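Overview (structure and organization)
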Amino acid sequence: MLEVIVFSTLNGLLYGLLLFMLSSGLTLIFSMMGVLNFAHASFYMLGAYFAYALGLHIGFWPALFLAPLLVAVLGAVVERFGLRRVHENGHVAELLFTFGLAYVIDETVHLLWGSIPVSYSAPEALRAPLFSLFGTDYSIYRGVTMMIAILMFVALWFLLKKTRVGLMIRAALTHGAMVGHLGHNVPRLFMGVFAFGCGLAALAGVIGGPLLSTEPGMAQSLGPVVFVVVVVGGMGSLLGAFYASLLIGLVQTFFVALDVSIGDLLNGLGFAVDPYGEVTGITLASIAPMTPFILLVLILIFRPRGLMGELEP
Amino acid sequence: MNESLSWWRPVAPWAISALVLVTLPLVVAGNGTFSIINVVAINIVFALSYNMLLGQGGMLSFGHAVFFGLGAYGAIHAMNLIGEAGYDGHGFWAFFPVYLLPLVGFACGALAALVVGWPFCRRAGTAFAMITLGLGELVAAGSQMFPTVFGGEAGVFSNRMVGPVWFGLELAQPADVYWFMAFWTLVAVFAMWAFTRTPLGRMSNAVRDNADRLQFIGYPPRNLRFLVFIAAGGFAGLGGGMAAVNYEIVTPESLGLLTSGLALLMAAVGGLAVFYGPMVGAILVTVMNSLLSDYTDASILYVGLVFLAVVMFAPGGLGGGIEQVRLAWRRGDLGAHLPGWLGGALAVLLIALGLVSTIELVYQISHGRDKLARLLGLEPDPASPLVWLGIITLFAAGYGVARVSGRYREARA
């Protein structure tokens with residue numbers, strides 16, 4: 001039991017931190033531009049694939065830095081020549097644009113790399129065990145991933161709270177027009193934030209690709225969960241996104257790890273039900289993929305501004 | 001227009017549609033063609049029901065497939081009940097013809113919307129989009145847990161050749177199903193058009209345009225959204241009922257985000273602001289999907305690119321374009337506008353050709369075969385610089401034509 005708890009906590013934290021890396025960029029983009037970028041998870045996928053393709057030629061470590069940069073440049077191009085163009089047609093048009101973009105990116109990945117997973121894996125040295133607990137190894141790579149995610153959180157926090165650019169971004173979140181009147185180039189700031197957010201998503205893809213699998217469905221499987229994180233955490237709240245990611249990561253991992261059905265739970269609470277019935281026989285593991293969306297619907301009904309947000313979406 | 005002919009104007013589109021539907025079987029032949037037409041009919045109803053939300057009510061939904069899928073499930077279970085009741089010959093379902101199953105779908109879709117809709121309709125915009133996305137994912141994931149209702153991965157299947165047959169209308173071949181589709185499409189399209197003429201339909205436009213003002217006047221926007229949501233859910237369910245009869249199988253995929261996305265795609269490509277826009281979009285997207293997938297594996301990419309192009313360059317969609325031409329024709333200044341528009345169309349065509357060649361060539365490089373190019377009688381060699389030069393020329397020519405015709409249009413505006 002203790003083994004399950006320790007490893008589920010570690011894996012849940014890891015998954016949550018990956019989710020946070022993905023959603024931190026989206027939170028910034030969402031709260032600044034009001035656009036829920038449907039293609040965000042596609043940029044994450046592009047990060048993994050770029051790192052795989054580059055890694056074949058230049059090795060893992062250079063690709064770790066180069067792939068997010070490339071995706072960030074791509075994000076800037078998308079913002080400058082696509083999103084800015086549809087901006088004048090309102091938020092719905094922007095959402096539709098990113099929705100179509102996600103389609104196109106996903107299909108392009110299909111086209112270029114095929115529909116089966118590619119063999120993108122961490123370098124040999126990092127696959128060695130960091131430590132062993134209860135006879136199970138925990139690889140160095142997982143530890144490195146956690147470290148990168150936490151470093152990123154600290155760096156992002158520092159950037160937003162302590163630098164001049166962060167000040168401008170935070171001001172533009174709530175008073176975009178005013179920042180523009182003061183002589184700052186708000187559209188360029190938007191482009192920068194969009195590119196930066198895409199780069200962060202790509203970074204999550206680069207380090208998450210070897211852990212989860214690098215396949216064309218990876219954007220579609222994680223995309224909706226990232227929205228959940230952003231909405232549940234609250235608009236523009238980095239800390240909210242952080243808590244929401246960890247919450248979802250831990251809940252999902254624990255639900256999968258616990259071999260318990262609804263009937264078992266009810267019986268444990270003193271009800272006498274058949275543990276193999278149609279409803280009561282459902283295991284928590286099969287509910288796990290639904291938990292983020294249950295959370296999303298409940299939050300939007302009962303607390304529309306999210307855990308830490310100040311504005312309703 | 002002659003005054004004595006004015007009664008004809010509102011009737012004309014319906015008379016012409018009915019005429020087209022009746023004469024279509026005389027023109028086309030083959031079960032393959034009828035299968036495509038039947039899918040087009042389903043998608044027309046689905047896309048129009050989606051536009052009741054987005055185009056007319058201003059609610060961007062990513063979970064519309066839930067109602068489509070639940071309608072389909074309701075209809076297919078009813079079909080199984082009809083089949084079982086056929087053995088002993090009594091009970092309600094023994095006298096229920098398969099022809100009326102879309103009504104069951106309508107009831108299921110509307111009921112589902114009635115049950116879940118109220119908390120969703122508090123806000124439009126991003127909050128509504130997100131909560132419907134959540135609903136869609138929730139129902140799609142949840143359907144895997146109840147195999148007796150949703151049939152697990154494989155879905156629920158049935159047989160449409162059961163129950164009483166009215167007026168000799170059998171449902172054996174796709175060509176027989178065609179009449180079923182034609183009837184229900186006409187009924188559903190007319191009902192949805194009539195809905196836009198009711199006070200509720202008009203109020204839904206008002207909610208889209210200015211919800212605050214409506215609140216001040218004394219119409220709670222939430223109630224109006226809720227009513228529209230139920231109606232849209234019902235018509236989506238009706239489309240689902242048609243799909244159940246057509247395919248004789250319903251899988252959990254029909255509840256998921258991909259199906260919801262298809263509705264959005266069709267409606268937006270066709271144009272949200274015009275009533276018949278989603279119909280145009282449904283026809284185009286369905287035909288593209290089913291024809292292109294025979295020739296190229298990149299068919300979804302092409303549909304996605306068309307969608308992206310429409311969102312970026314023609315926010316009114318295809319229907320908006322048709323409407324523009326129609327209005328100009330009515331005003332009598334079509335001649336002045338036409339060269340500019342044709343120039344724009346030419347530019348689109350050139351750039352599209354360039355894009356298609358690029359994609360197919362890339363595909364040929366990465367997969368080593370290319371059916372579409374061979375279909376066009378081309379055997380391009382991706383290693384030859386001449387081919388790429390040709391593509392660059394296409395792009396450049398397209399860009400040039402776009403600039404020139406754009407300037408022409410500005411000068412005339």
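Higher on the page you've got the structure.
This text gives an overview of the structure that appears in the document. (Residues numbered from 1 in each chain as written. Chains lettered and ligands numbered in written order. Predicted model: local features only at pLDDT ≥ 70, side-chain atom pairs only at ≥ 80, totals over all residues. Heavy atoms only, no water.)

**Focus: the pattern of salt bridges**
Residues and elements named next belong to chain B. One pass over the structure, following the stated rule, counts 3 salt bridges over all chains. As a salt-bridge pair, Arg 326 and Glu 323 come within 3.1 Å of each other at their nearest N and O atoms. With a gap of 3 residues between them, Arg 326 and Glu 323 both fall in helix H14 (residues 317–331), about one helical turn apart. Judged by its relative accessible area of 36%, Arg 326 is partly exposed. (Salt bridge = Lys/Arg side-chain N within 4 Å of Asp/Glu carboxyl O. Helix = DSSP H or I, 4+ residues; strand = E, 2+ residues; numbered from the N terminus. Buried < 20%, exposed > 50% of the residue type's maximum accessible area, 1.4 Å probe, protein only.)

**Points about the side chain of B:Asn43**
If you trace the backbone, B:Asn43 turns up in helix H2 (residues 31–57). Excluding anything up to four places from it in sequence, B:Asn43 contacts B:Leu262, B:Met266, B:Ala282 and B:Thr286. (Contact = heavy atoms within 4.5 Å.)

**Side note on a nonpolar patch on the surface**
Residues and elements named next belong to chain A. Together, Leu 239, Tyr 243, Leu 307 and Met 308 give the surface a local cluster of nonpolar side chains, amounting to about 340 Å² of exposed area. The topology assignment puts Leu 239 in helix H10 (residues 238–257). Using a relative accessible area of 39% as the deciding quantity, one classes Leu 239 as partly exposed. (Patch = residues over 30% accessible without salt bridge, like charges linked within 9 Å, V, L, I, M, F, W, Y side chains within 5 Å. Areas by Shrake-Rupley, 256 points an atom, 1.4 Å probe, with all protein chains shown as cover.)

**So, the nonpolar core**
Within the largest apolar cluster, 199 residues are counted, with the highest numbers of intra-cluster contacts made by A:Phe43 and B:Leu101. Among the elements that line this core, the one with the most residues is helix H1 (residues 2–33) of chain A, at 16 residues. If near-sequence neighbours (up to four positions away) are discounted, A:Phe43 is found in contact with A:Asn37, A:Val71, A:Leu74, A:Gly75, A:Val78, A:Leu101, A:Ile105, A:Phe194, A:Cys198, A:Ala201 and A:Ala202. (Core = buried A, V, L, I, M, F, W, Y, C linked by side-chain atoms within 4.5 Å.)

**Section: helix H12 (residues 277–295) of chain B**
All names here are of chain B. Here H12 contains 19 residues, and its C-alpha end-to-end distance of 27 Å stays within 8% of the 27 Å for a straight helix at 1.5 Å per residue. Along H12, the positions that sit buried rather than exposed are Gly 277, Pro 278, Gly 281, Ala 282, Val 285, Thr 286, Met 288 and Leu 292. On the buried face of H12, the contacting elements are H2, helix H11 (257–270), helix H13 (299–313) and H14. (Expected span 1.5 Å × (residues − 1).)

**Concerning the packing of aromatic side chains**
Summed over all chains, the structure comprises 26 aromatic pairs over all chains. Between A:Phe99 and B:Phe62 the ring centres are 5.6 Å apart and the planes differ by 45 degrees, which places this aromatic pair in the tilted class. Within this pair, whereas A:Phe99 is found in helix H4 (residues 91–113), its partner B:Phe62 is found in the loop between H2 and helix H3 (65–88), the two belonging to separate chains. Residue A:Phe99 is classed as buried on the basis of its relative accessible area of 6%. For B:Phe62, a relative accessible area of 1% translates into the label buried. Both rings, one in B:Phe183 and one in B:Trp184, keep their centres 5.2 Å apart while their planes meet at 75 degrees; by these two values the pair is edge-to-face. On the basis of relative accessible area, B:Trp184 is assigned to the buried category, the value being 5%. Feature note: the residues A:Phe38, A:Phe99, A:Tyr103, A:Phe227, B:Phe62 and B:Phe307 constitute an aromatic cluster, connected by ring pairs. Lying across the ring of B:Trp118, B:Arg222 places its NZ or CZ 4.2 Å from the centre. (Phe/Tyr/Trp six-rings, centres within 6.5 Å; stacked < 30°, edge-to-face > 60°. Lys NZ or Arg CZ within 6 Å of the ring centre and 35° of its normal.)

**Considerations on the interface of chain B and chain A**
Each partner contributes residues to the interface: chain B has 45 residues there, and chain A has 44 residues. Across the chain B to chain A interface the summed buried area is about 3800 Å²; carbon plus sulfur atoms make up 80%. If you sort the residues of chain B by the area they bury against chain A, B:Met130, B:Met145 and B:Met312 come out on top, with a joint share of 16%. The tally of links between chain B and chain A comes to 1 residue pair in polar contact (both at pLDDT 80 or more). Listed by contribution, the elements that provide at least two residues to the side of chain B that touches chain A are helix H4 (101–120), helix H5 (125–142), helix H6 (147–150), H11, H13 and helix H15 (334–367) of chain B. For the side of chain B that touches chain A, the leading source of residues is H5(B), giving 12 residues. In terms of residue class, the side of chain B that touches chain A is made up of 34 nonpolar, 8 polar and 3 charged. (Buried area = accessible area lost by both parts, 1.4 Å probe. Polar contact = N/O pair within 3.5 Å; in protein donor to acceptor, adjacent residues only side chain to side chain. Nonpolar A, V, L, I, M, F, W, Y, C, P; charged D, E, K, R; others polar.)

**What about the environment of A:Ser115?**
Residue and element names in this part refer to chain A. With respect to the element layout, Ser 115 can be found in the loop between H4 and strand E1 (129–133). Overall, the relative accessible area of 52% leaves Ser 115 in the exposed class. Through-space distance from the C-alpha of Ser 115 to that of Glu 215 is 6.9 Å; in sequence the pair is 100 residues apart. In contact with Ser 115, other than residues within four places in its own chain, are His 110 and Pro 216.

So far we have only geometry, and geometry alone does not tell us how the molecule works.
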